[in-house]
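Structural overview for review
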Amino acid sequence: MIVLLKISWLVASPTLKYRHEIDARLHRYQVPNDPGVYHGVGKEKDPQQTRQTQRLDKAINPLELILRTLRHYRIIAEYWPFTLKEFGVTRELAVVLRDASIAHSKAATSAKFLHPDISNRNIMFKRNAAGTVEGYLIDWDLSLDLTLAYDQSTEVQPERMGTWQFLSIRSVQMNETGKPLTQDRIDDVESVYHLMLWMALRYTAHELKSTALTYMLGENFDPIDKDPHVRRSNMESGVLNGEARFSNHGIRTVLRRMRFVLCQRYIDPQSVFEDDKEFEAQRKAAEVEKTEALKALDDCNWLPNLLNAALDDDKIDWECNKGHVNHVLV
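Residues numbered from 1 in each chain as written. Predicted model: local features only at pLDDT ≥ 70, side-chain atom pairs only at ≥ 80, totals over all residues. Heavy atoms only, no water.

Re empty space enclosed by the protein
Summed over all chains, the structure comprises three cavities of 30 Å³ or more. Space inside the largest cavity adds up to approximately 90 Å³. Forming the walls of the largest cavity are Ser-101, His-104, Ser-105, Arg-185, Val-189, Val-192, Leu-297, Asp-299, Cys-300, Trp-302, Leu-303 and Pro-304. Of all the secondary-structure elements, those providing two or more residues to the lining of the largest cavity are helix 2 (90-111), helix 4 (185-203) and helix 11 (302-312). Looking at side-chain class alone, the lining of the largest cavity contains seven nonpolar, three polar and two charged residues. (1 Å grid on protein atoms, 1.4 Å probe; cavity = no way out; pocket = protein on both sides within 12 Å on 5 of 7 lines; lining within 4 Å. Points joined across faces, edges and corners; volume = space filled by probe spheres on them. Helix = DSSP H or I, 4+ residues; strand = E, 2+ residues; numbered from the N terminus. Nonpolar A, V, L, I, M, F, W, Y, C, P; charged D, E, K, R; others polar.)

Okay, structure coming up:
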């Protein structure tokens, strides 16, 4: 087994635990696909081992942010050889994300840690001797300890956690306090959808040309300085998925099933149909659909079960157009 010595700067906060302490709890509660941190040490009182980040430019981020104190930290961690984009065939992408979602669910419900940064950098995998893959959710440094009470003034989140491109729509919208909402477990589940869609657009077969793909990736995932209305519109309508026309049946099916449920977080049947008697039946049906979707999302195993069902269904063709495609962006 290969291990790495990782030296990094950890946010100093009473609500953030050391990485090796987080991993010890994950291991104690038998979170599957343990990320494998074996030892860690932080220099708490040595002034040479701490520093503060500079205040963000208000033109970039208008929030009133305090300076963050960072602490030098060293850990020994297991080495994972493959990044998410190095999957061989499309089915492997779904397997790796399934494994990561199982770990995420178990950590949130049993170990009471929430991983707030579901991204292509934080999910890796290894390939076994038989050729099968195992996915791992790594880098739990900024995990939210769910045994603590959080509100908008909690030090752990003076600004958004996570990778902007994959944050839930709810997480990137301001609320009445002017600050982002604290992320929850279902926000992370939605992040898996945004990540899978991004990965499918970048690395699986579809019909978008380079110019259109580059534009749509920018509009849907990258506008950190804009209101995320495009992402929300695509989530509600499925237009981006439809225009891409993904060639692999498996990835199409998984994205469709995920979006159909997750989009209900943002659909308001009353605002769509109001009290128009002509559409009363449609409004009632939409309200039932929303209620059932939100109930499904309350189940911590909803996403692992969805992915397992798609992977095990003989009627879903994962073989046709299964290859890894590295699309050129312009």
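Looking at a nonpolar patch on the surface
Side chains of Met-1, Val-3, Leu-5, Ile-7 and Ile-76 sit close together on the surface and give an oily, nonpolar patch of about 510 Å² of accessible area. Looking at the nonpolar patch element by element, the count peaks at three residues for strand 1 (residues 3-11). Its location among the elements puts Val-3 in strand 1. Residue classification places Val-3 among the partly exposed residues on the basis of a relative accessible area of 40%. (Patch = residues over 30% accessible without salt bridge, like charges linked within 9 Å, V, L, I, M, F, W, Y side chains within 5 Å. Areas by Shrake-Rupley, 256 points an atom, 1.4 Å probe, with all protein chains shown as cover. Salt bridge = Lys/Arg side-chain N within 4 Å of Asp/Glu carboxyl O. Buried < 20%, exposed > 50% of the residue type's maximum accessible area, 1.4 Å probe, protein only.)

Looking at the sheet that holds strand 5 (residues 82-83)
Strand order in the open sheet formed by three strands is 5-7-8, and the pairing between neighbours is antiparallel. The outermost strands of the open sheet, each flanked by one partner alone, are strand 5 and strand 8 (133-137). Sheet topology places strand 7 (residues 123-127) next to strand 8; five bridges connect them, and they run antiparallel. Looking at strand 8, one finds that Met-124 is bridged to Tyr-136. Sheet strands touched by helix 2: strand 7 and strand 8. Its angle to strand 8, the strand with the most contacts, is close to 40°. (Pairing = 2+ DSSP bridges. Contact = heavy atoms within 4.5 Å. Axes fitted to C-alpha atoms, helices over the stretch in contact; angles between N-to-C directions.)

Description of the packing of aromatic side chains
This model, assessed by the stated rule, comprises five aromatic pairs. Measuring from ring centre to ring centre gives 5.1 Å for Phe-82 and Phe-125, while their planes differ by 20°; the resulting arrangement is stacked. Here Phe-82 is found in strand 5, whereas its partner Phe-125 is found in strand 7, with 43 residues between them in sequence. On the accessibility criterion, Phe-82 (27% relative accessible area) is partly exposed. (Phe/Tyr/Trp six-rings, centres within 6.5 Å; stacked < 30°, edge-to-face > 60°.)

Notes on the packing of helix 2 against helix 11
In contact at an axis separation of 9 Å, helix 2 and helix 11 are set at 155° when each is read in the N-to-C sense. As the angle between them shows, helix 2 and helix 11 are arranged roughly antiparallel. As helix 2 runs across helix 11, the sense of the crossing is left-handed. Here Arg-91, Ala-94, Val-95, Leu-97, Arg-98, Ser-101 and Ile-102 of helix 2 come into contact with helix 11, specifically with Leu-303, Pro-304, Leu-307, Asn-308 and Leu-311. (Parallel < 35°, antiparallel > 145°, perpendicular 65-115°, else oblique. Left-handed = near helix turned anticlockwise from the far one by under 90°.)

A short note on a negative patch on the surface
A surface patch of like charges, here negative, comprises Glu-274, Asp-275, Asp-276 and Glu-278. Tracing the backbone through its elements, the reader meets Asp-276 in the loop between helix 9 (269-273) and helix 10 (280-298). (Lys, Arg positive; Asp, Glu negative; His and termini not counted. Charge placed at Lys NZ, Arg CZ, Asp CG, Glu CD.)

Some words on the environment of Lys-290
Summarising the element assignment, Lys-290 is placed in helix 10. Residues Lys-290 and Val-261, spaced 29 residues apart in sequence, show a C-alpha to C-alpha distance of 8.0 Å. Discounting chain neighbours no more than four positions away, the residues touching Lys-290 are Gln-264, Arg-265, Tyr-266, Ile-267 and Pro-269.

Points about the confidence of the model for the protein chain
Here the protein chain averages 85 in pLDDT, while 82% of its residues score no lower than 70. Across residues 55-60, where pLDDT falls below 50, the model places six contacts with residues more than four positions away in sequence or in other chains. (pLDDT = per-residue confidence, 0-100.)

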